[in-house]
Structure formats: structure tokens, C-alpha cells
Amino acid sequence: MHPADGGPLGAEQYAGVLALLGGLTPAVQALPPETALAEVRGALRYFGCDAARLAAVVRVRALALYGVDCTVGVAGNPMLARAAARTARPGGTLVVPDEPAAVREFLARRPVGALDGVGPKAARTLCSYGLDSVGKVAAAPPAALRRILGARLGREVHERALGIDRTPVQPGAAARSIAAERPFDRDELDPVQHRRALLSLTEELGARLRTPGSGPGQVCRALSLTVRCADRTTLTRTRTLPEPTAHSAALTATAYALYAGLGLQRARVRALSLRAEDLTAADRAVRQLSFDPEDEKARRLEAVTDRVRARFGPHVIARGTLAA
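In this report, the structure presented in the accompanying data block is examined. Computed from a predicted structure; not experimentally measured.

Below, the discussion takes up the nonpolar core. Residues Leu198, Leu209, Leu225, Val227, Leu272, Leu274 and Ala276 are the most contacted members of the largest nonpolar core, which totals 30 residues. Of all the elements in the fold, those that place two or more residues in this core are strand 7 (177-188), helix 10 (191-210), strand 8 (218-229), helix 11 (248-262) and strand 10 (269-277). In terms of nonpolar packing, the next biggest core, distinct from the first, is built from 23 residues, Leu107, Ala122, Ala140 and Ala161 among them.

Shown next, in the form of C-alpha cells:
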């Protein structure tokens, strides 16, 4: 979902669309900053309509009440619904029939990296065996996938290639991601300004992860970059981190790598957003010890900076490259 004027989605708009979905079904799972899952089987029986018609009602009401243009994917499970939403045209609805043949046809030509749970390393491994599409993975012997990827991941990847996802919609589930966005005043072509915005985003996300309000803080296992261009196209790339972290320098390096991988050159960019994904408590994560004194110095300085910002405000200290 995104505002019809092409700007960033506001918190009030997002909350309004969630409330709209909550009026149709109690099973709504928020996936900030701009996505939500809704289990609507009961709503379809209650309202006596099909999924496409209910999606049309949601889109019209969201646009009329909150100025939000929703792209809707409808399918038999969360994984397929997310894939359908990514495939649908902006502001449209794509329905994947809940039939095995239709699901296989929908997934068959997708790259294997598009499957949930298949990161860059697993994708490279599968491609080295010629399993570069979801259809080929679905047709592969399950025992071969378990040998290639390991027992658990091999079983899960084979099930997902067949369109099977056992993950339920979890109303009120704790957020597994946090996000931040930087819109530009005008369509920005300068890569230096793009990188400056990315640095600002990683500083913000790192600080939010390390000081969530109480407890030991959080770390993320993956980082996702979304680039919204002037023609309203959206580019998204995700990378799994070498280890769970909330260290701003590590987040910045990953964000820069994601940006460089897009090869934007002089693209007209309207907004950049970063999402820290797969969050977990910092005291449950394992960190590889470093013998680099500069890394340890940066982490100690980061801790001091966090305490100063917590006492005097988030903008009291900023990097020299970010200072106005």
C-alpha cells in the first residue's frame, strides 16, 4: 500500500487501513511499514462474495477514506498472497486460484531466490545444480534437496516450491521488522545524496534496534532496501547479514552494497526506505568476536552516543556527513 500521490505512507494512513481490514476480519497481521496480511475466509462466507470483490471493496475504501492505493494479492496461504501482491500491477488485484495446478503454474517460472527462506547463498547453491527456477525445485526429488540444503531447509524449500506454507496469520503478533524512509524534496539523481540518505537511515535503524525502550535491545538478521522512482516503479532488494547485528556500521555497509547492486546510475529517485527484518533479542544472538581495535572503538563510541541521544534527544549528535 502507498499514498495515491506517490509520497511515503504515513503512520496514520497505515493504521487507518489496518482498522479498515479489522472491520472485515479479526485475523489481521500488521507487517510494517506498508504491508498487512488478512485471513478472509470467514469474511467471504459472511458477506457472500468472492475474494476479488472483497479486495475491490478494500481498495476503494482505502483510497476514499485514507488516500491510500492498495495492491492486493489473494491466495490460499500467506506466502502465495505475498507473491501475488508483488506480481500484481500497482493498485491492482491478483488472485491465485486455490488449486494445485494453478499454484504450480503461478510459481513455475519464478527464480528460486523468490521463494521464502531461500537467501542468496542457498539460491547460488541450488543454481549450481541447475535448480534455478521454482518449477525445477518442485520437480526435484525431495531427498536430493535435503542432501543439497540440509534436512530442515531442504524439506521447507520443497514444500514452498509446491506452494505449501504452514505459517498462520497471527493477529497482534510482535513486529518482526522495523523500517524507516527518506523522501526527497524533488526527484533526486545524485548518487551522493542517495548514499547520504542511506547513511541517515542506517543510523536511525541502528539506534532504534539498540534502544527499543526497555530490555537488552534487538538485532536484525536481514536488511531490505526499497527504492521508489519518479515513474512510481519500486525496486526492492534484500540481503541476509553475515551475523545478527544492530551495529550501524554493519547496517550501512550492507545498505550501500544493496544500493550498488541495483545499478541505478543516475535514476530519478523519489524516496528510499530500509527495513530491518527477522528481529530477535540482542541477548539471544551470537556475535563473532573481533580483534580489530577500530571495530571495538566504534562500538564503544556507538554506546556512548546512544546514551547521549537518549538523554538529550535523537538529533543532539550526528555524523559530520549528515550535519546540516
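Below, the discussion takes up unusual backbone geometry. Note: most peptide bonds trans; most residues except glycine with negative phi. Positive phi, normally seen in glycine, also occurs at Asp278, with a value near 55°. Mapped onto the fold, Asp278 is located in the loop between strand 10 and strand 11 (280-281).

Right, let's get into the packing of aromatic side chains. The geometry of an aromatic ring pair is captured by the separation of the ring centres together with the interplanar angle, meaning the angle of the planes. Applying the stated criterion across every chain yields a total of one aromatic pair. With a centroid separation of 5.0 Å and an interplanar angle of 85°, the aromatic rings of Tyr46 and Phe47 are classed as edge-to-face. Classification of Tyr46 as exposed rests on a relative accessible area of 69%. Of note, Arg110 hangs over the ring of Phe106, and the distance from its end group to the ring centre comes to 4.2 Å.

With that out of the way, let us pick up helix 6 (residues 120-128). Along helix 6, the residues that are buried comprise Ala122, Ala123 and Leu126. Along the long axis of helix 6, the arc covered by the buried residues comes to 100°, so they all point the same way. Across from the buried face of helix 6, at angles greater than 90 degrees, the exposed residues are Lys121, Arg124 and Ser128. Among the structural elements, helix 8 (142-149) and helix 9 (151-161) are those in contact with the buried residues of helix 6. In the stretch just after helix 6, Gly130 is the one whose phi turns positive, near 85°.

Procedures and definitions
- Residues numbered from 1 in each chain as written.
- Predicted model: local features only at pLDDT ≥ 70, side-chain atom pairs only at ≥ 80, totals over all residues.
- Heavy atoms only, no water.
- Core = buried A, V, L, I, M, F, W, Y, C linked by side-chain atoms within 4.5 Å.
- Buried < 20%, exposed > 50% of the residue type's maximum accessible area, 1.4 Å probe, protein only.
- Helix = DSSP H or I, 4+ residues; strand = E, 2+ residues; numbered from the N terminus.
- Phe/Tyr/Trp six-rings, centres within 6.5 Å; stacked < 30°, edge-to-face > 60°.
- Lys NZ or Arg CZ within 6 Å of the ring centre and 35° of its normal.
- Arc of directions from axis to C-beta.
- Contact = heavy atoms within 4.5 Å.

Keep in mind that these numbers describe shape and distance, not what the molecule does.
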